[in-house]
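Here are the chains, one letter per residue:
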Amino acid sequence: MIQVSKLLAQGAGLAPVLLKRAAAVTLDWDTRQKSRFQATDSQGRELGVFLPRGTTVRGGDVLVAEDGSLVRVVAAPQALLRITACTAHGSPFDLVRAAYHLGNRHVQIELKPDHLKIEPDHVLADMLRAMHLIVNEVEETFEPEAGAYAAGGHGHAHDHGHSHGAGHDHGHGHSHDEGHAHDHKPAGRKTIAIQAAPAPHVHGPGCGHDH
């Protein structure tokens, strides 16, 4: 068995030709969310993976074996529920509500611009359909959203090109010292009109809209 204790997120820093030549290992989400597991790669080699606690393996990542060889990770398709908004009786905002309620139940969710994906659960499927969402069973890869404060060795640095420190200058154009003479009058309050939500559509026998 070949030991693996290093992971390169999305093959960072590797030349494409090296990735093309590398062996591959296909793993479902249940395995990829573990930091310790065994698997067999495309060359028939048995791998013993021992990554830092809390590490999540994503499709496209590259495992580095103890002998220096590379193994590309392929996310395996698996049974999932694909959730989309009902264009006839709802709006894309319904997906935001669905994500909120699923998050309250600590459900792992893959977020897409026009749909959500979760692992199969008939109770959740019924809840989502009652919210006028369309739920379909599919076989697809699963890459759920990581927690905002997720630990482990799978960080993706997003450098915005400027510092968010407490001391950065917002360019007010004048000094706010103790002796400045102008007054800071509170801004006038604005009235915001809130549109009443439409009456919920009931998906009954006469609806003619099949979910």
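As shown above, the structure is provided for reference.
Description of the structure in this document. (Residues numbered from 1 in each chain as written. Predicted model: local features only at pLDDT ≥ 70, side-chain atom pairs only at ≥ 80, totals over all residues. Heavy atoms only, no water.)

**A short note on helix α4 (residues 122-130)**
Three or four residues apart is the spacing at which side chains of an α-helix point the same way, because the helix has 3.6 residues per turn. Regarding α4, the residues found buried are Leu124, Ala125, Met127 and Leu128. Take α4 and look down its axis: the buried residues cluster within an arc of 160 degrees, on one side only. Turned more than 90 degrees away from the buried face of α4, the exposed residues are His122, Val123 and Ala130. As for α4, its buried residues are in contact with β7 (78-85), α3 (93-104), β9 (116-118) and β10 (133-140). For α4, the side-chain oxygen to backbone nitrogen distance between the N-cap and valine 123 is 3.0 Å, and the N-cap itself is aspartate 121. Trailing α4 by a residue or two, histidine 132 shows a phi angle of about 70 degrees, which is positive. (Buried < 20%, exposed > 50% of the residue type's maximum accessible area, 1.4 Å probe, protein only. Helix = DSSP H or I, 4+ residues; strand = E, 2+ residues; numbered from the N terminus. Arc of directions from axis to C-beta. Contact = heavy atoms within 4.5 Å. Polar contact = N/O pair within 3.5 Å; in protein donor to acceptor, adjacent residues only side chain to side chain.)

**Here we look at the environment of leucine 81**
In this structure, leucine 81 sits in strand β7. What makes leucine 81 buried here is its relative accessible area of 5%. Each C-alpha atom, one on leucine 81 and one on proline 120, is 5.6 Å from the other, the two residues being 39 residues apart in sequence. Other than its neighbours up to four places away in sequence, leucine 81 contacts Leu116, Lys117, Ile118, Glu119, Pro120, Asp121, Ala125, Val135, Asn136 and Glu137.

**Concerning the pattern of salt bridges**
Inspection of every chain in the model, using the stated rule, returns 10 salt bridges. Note that aspartate 30 is salt-bridged to lysine 34, the shortest N-O span being 3.7 Å. With a closest N to O distance of 3.8 Å, arginine 82 and glutamate 140 form a salt bridge. Remark: glutamate 140 occurs in strand β10 and arginine 82 occurs in strand β7; sequence separation between them is 58 residues. Taking relative accessible area as the criterion, arginine 82 reaches 25% and is therefore assigned partly exposed. When its relative accessible area of 24% is taken as the criterion, glutamate 140 is described as partly exposed. Three or more residues joined by partner-sharing salt bridges are found here, namely Arg82, Glu110, Lys112, Lys117 and Glu140. (Salt bridge = Lys/Arg side-chain N within 4 Å of Asp/Glu carboxyl O.)

**Focus: unusual backbone geometry**
Across the chain, the bulk of peptide bonds are trans and the bulk of non-glycine residues have phi less than zero. Positive phi, normally seen in glycine, also occurs at histidine 106, with a value near 55 degrees. For histidine 106, a relative accessible area of 73% gives the class exposed. At histidine 132, a position not held by glycine, the phi torsion is positive, near 70 degrees.

**Description of the sheet that holds β10**
Read across the open sheet, the 4 strands follow the order β8-β9-β7-β10; overall the sheet is antiparallel. Bordering the open sheet on either side are β8 (110-111) and β10, each of which pairs with just one other strand. Running over the sheet, α3 touches β7, β8, β9 and β10 and is turned about 30 degrees from β9. With respect to the sheet, α4 is in contact with β7, β9 and β10, its orientation differing from that of β10 by roughly 140 degrees. (Pairing = 2+ DSSP bridges. Axes fitted to C-alpha atoms, helices over the stretch in contact; angles between N-to-C directions.)

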